[in-house]
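Reading the structure
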Amino acid sequence: MNRILVIGGTGTVGRQVVSRLAATGGRVRALARDPGKAQLPSQVEVVRGDLTLPETLDACLEGIDTVFLVWTAPAAAVAPALERIAKRARRIVFLSAPLKTAHPLFQQPNAARAIGEQIERLIETLGLQWTFLRPGMFAANALSWWAPQIRAGDVVRWPYLATPTAPIDERDIAAVAVRTLCEDGHAGSEYVLTGPQSLSQFEQVSTIGRVIGRSLRIEEISPDEARRELLTIGPLPAVNMLLQAWGAAIGQPAHVTSTVAQIIGAPPHTFLDWATDNAAAFRA
Ligand SMILES: NC(=O)c1ccc[n+]([C@@H]2O[C@H](COP(=O)([O-])OP(=O)(O)OC[C@H]3O[C@@H](n4cnc5c(N)ncnc54)[C@H](OP(=O)(O)O)[C@@H]3O)[C@@H](O)[C@H]2O)c1
């Protein structure tokens, strides 16, 4: 079996990837900036590394042939880190986004998109076997978007409530990732991954309310109010990126693919499944 390094193994998707690989007896190593805080299964080898300090990557890549890459580091670190990775590994699976999907939710210019395109272009020139995973909106965004308001009271104030997305469960992204990391036949593939249903943001918040047995008051706020009130979920550029995407996508159904089911051979989790399994995070 491949010797796999998961970069981003302590995050939402990477943690699921690491756990699944470890559970199947796979040889998995996780890179973390602070291994002491990683809290990964005991059979996982956790190594210290930082994408912004490329010299720290060499030891992490020792004996590795396949890399799962999650990138949330600054753009300036992309080239040095990827060159280091390409010297050791022969295969890379990159957690990207639906950069080429002609749906307005995915077609707004922003900094995150530019970094994704930069990483993909570089990977394509480095001689690695690559696979790009292109998930749409994560269901897990609800943890930072709505959980704080729902834990604090019964009112959720949110913009663009009518905008639909097809939230994908991180367990489904990870299940696809594990297939692409462990099986042959995925080189050069770009998989657009979504949840099974188009649901408005209003419907998503309502689903959470139903699961935790509370009737939430869901109030539409304007984009300007959101810019003032939603700085708790990220810095202003990140909030603006979301507002632009939601604003552009209002009035048309979310893009839904069957790619998860095709690759893992089972239906993806619904948003109701995700909310049920994460209900504790929304209870006070
Ligand atoms: N949220 C969405 O709806 C959505 C949709 C499509 C695509 N995406 C893409 O998904 C990616 C985020 O995935 P995620 O939510 O699973 O990530 P996440 O939970 O934010 O975790 C980020 C991971 O990156 C690691 N990391 C950050 N800076 C690092 C550095 N300098 N060196 C090494 N590791 C570093 C962190 O590790 P430590 O802190 O432990 O070191 C952590 O494991 C982004 O690229 C985003 O564009 C997100």
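All values reported here derive from a predicted model rather than from experimental measurement.

1. A word on the overall build of the protein chain
Helix and strand counts for the protein chain stand at 12 helices and 11 strands. Taken against the 2.2 N^0.38 rule, which gives 19 Å for 284 residues, the C-alpha radius of gyration of the protein chain at 19 Å falls within 12% of a compact globule. The buried share of the protein chain, taken over its 284 residues, is 52%. A separation threshold of at least 6 residues defines the contact pool for the protein chain, and within that pool the share at least 24 residues apart is 76%. Here the protein chain has roughly 12,300 Å² of accessible surface; of this, 52% comes from carbon and sulfur atoms.

2. Regarding helix α7 (residues 170–182)
Its 13 residues give α7 an end-to-end C-alpha distance of 18 Å, which sits within 8% of 18 Å, the value for a rise of 1.5 Å per residue. Judged by how many residues are buried, α7 sits mostly within the fold: 11 of 13 residues are covered. Within α7, burial applies to Glu 170, Arg 171, Asp 172, Ile 173, Ala 174, Ala 175, Val 176, Ala 177, Val 178, Thr 180 and Leu 181.

3. Here we look at the packing of helix α1 (residues 12–23) against α7
The geometry of a pair of packed helices is captured by two quantities: the angle between their axes and the separation between those axes. One can describe the packing of α1 onto α7 by two numbers: an axis separation of 8 Å at closest approach and a directional angle of 55°. Regarding the angle of α1 to α7, the classification is oblique. Taken as a pair, α1 and α7 cross one another with a handedness that is right-handed. Contact residues: Thr 12, Val 13, Gln 16, Val 17, Arg 20 and Leu 21 in α1; Glu 170, Arg 171, Ile 173, Ala 174, Ala 175, Ala 177, Val 178, Leu 181 and Cys 182 in α7. Residue classes in the contact of α1 with α7 are distributed as 10 nonpolar, two polar and three charged.

4. Concerning the sheet that holds strand β2 (residues 27–32)
Strand order in the open sheet made by the seven strands is β3-β2-β1-β4-β5-β6-β9, with parallel pairing throughout. The sheet is open, and its two borders are formed by β3 (45–48) and β9 (190–193), each paired with just one other strand. Each strand axis lies, on average, 20° off the axis of its neighbour in the sheet, ignoring direction. Where strand β1 (residues 3–7) and β2 come together, five bridges link them in parallel fashion. Following the sheet pairing, Leu 5 is matched in β2 by Arg 29.

5. Some details on the site of the ligand
Inspection of the region around the ligand gives 23 residues, with Thr 10, Arg 33, Asp 50, Leu 51 and Asn 141 positioned closest. Contact distances for the ligand include 2.8 Å between a nitrogen atom and a backbone N or O atom of Leu 51. A distance of 2.9 Å separates an oxygen atom of the ligand from a polar side-chain atom of Asn 141. Bound to the protein, the ligand loses 77% of the 940 Å² it would expose on its own.

6. Some points on α1
The end-to-end C-alpha distance of α1 is 17 Å, a good match for the 16 Å that 12 residues give at a rise of 1.5 Å each. Those residues of α1 not exposed but buried are Val 13, Gly 14, Val 17, Val 18, Leu 21 and Ala 22. On an axial view of α1, the arc spanned by its buried residues comes to 160°, and they lie on one face. Next to the buried residues of α1 lie β1, β2, β4 (66–69), β5 (91–95) and α7. Looking one or two residues past α1, Gly 25 carries a phi angle of roughly 80°, positive in sign.

7. Regarding the state of the cysteines
Counted according to the given criterion, the structure contains zero disulfides. Cys 60 forms no disulfide, and the closest cysteine sulfur to it belongs to Cys 182, at a distance of 20 Å. Of the residues examined, Cys 182 reaches a relative accessible area of 30% and is grouped as partly exposed.

8. Some details on unusual backbone geometry
Of note, the phi angle at Gln 39 is positive, near 50°, even though the residue is not glycine. Considering the arrangement of structural elements, one finds Gln 39 in the loop between β2 and β3. Classification of Gln 39 by relative accessible area gives exposed; the value is 70%.

9. With respect to the environment of Arg 33
Mapping Arg 33 onto the fold places it in the loop between β2 and β3. Beyond its immediate stretch of four places on either side in the chain, Arg 33 contacts Arg 48, Gly 49 and Asp 50.

10. What about the pattern of salt bridges?
All chains considered together, the criterion is met by 19 salt bridges. Between Arg 157 and Glu 219 there is a salt bridge, with the nearest N and O atoms lying 3.3 Å from each other. Residue Arg 157 is located in strand β7 (residues 155–158), and its partner Glu 219 is located in strand β11 (residues 217–220); the two are separated by 62 residues in the primary sequence. With a relative accessible area of 25%, Arg 157 lands in the partly exposed category. Among the ionic pairs, Asp 224 bridges to Arg 227, the shortest N-O distance being 2.7 Å. Within this pair, Asp 224 and its partner Arg 227 are both found in helix α9 (residues 223–229), separated by three residues, close to a single helical turn. A residue is classified by how much of its surface remains accessible, and Arg 227, at 29% relative accessible area, is partly exposed. Residues joined by salt bridges that share partners form a network here, namely Arg 157, Arg 217, Glu 219, Glu 225 and Glu 229.

Rules behind the numbers
- Residues numbered from 1 in each chain as written.
- Predicted model: local features only at pLDDT ≥ 70, side-chain atom pairs only at ≥ 80, totals over all residues.
- Heavy atoms only, no water.
- Helix = DSSP H or I, 4+ residues; strand = E, 2+ residues; numbered from the N terminus.
- Rg over C-alpha atoms; globule rule 2.2 N^0.38 Å.
- Buried < 20%, exposed > 50% of the residue type's maximum accessible area, 1.4 Å probe, protein only.
- Contact = heavy atoms within 4.5 Å.
- Areas by Shrake-Rupley, 256 points an atom, 1.4 Å probe, with all protein chains shown as cover.
- Expected span 1.5 Å × (residues − 1).
- Axes fitted to C-alpha atoms, helices over the stretch in contact; angles between N-to-C directions.
- Parallel < 35°, antiparallel > 145°, perpendicular 65-115°, else oblique.
- Left-handed = near helix turned anticlockwise from the far one by under 90°.
- Nonpolar A, V, L, I, M, F, W, Y, C, P; charged D, E, K, R; others polar.
- Pairing = 2+ DSSP bridges.
- Near = heavy atom within 4 Å.
- Polar contact = N/O pair within 3.5 Å; in protein donor to acceptor, adjacent residues only side chain to side chain.
- Arc of directions from axis to C-beta.
- Disulfide = S-S within 2.5 Å.
- Salt bridge = Lys/Arg side-chain N within 4 Å of Asp/Glu carboxyl O.

No statement about biological role is implied by the geometric values presented.
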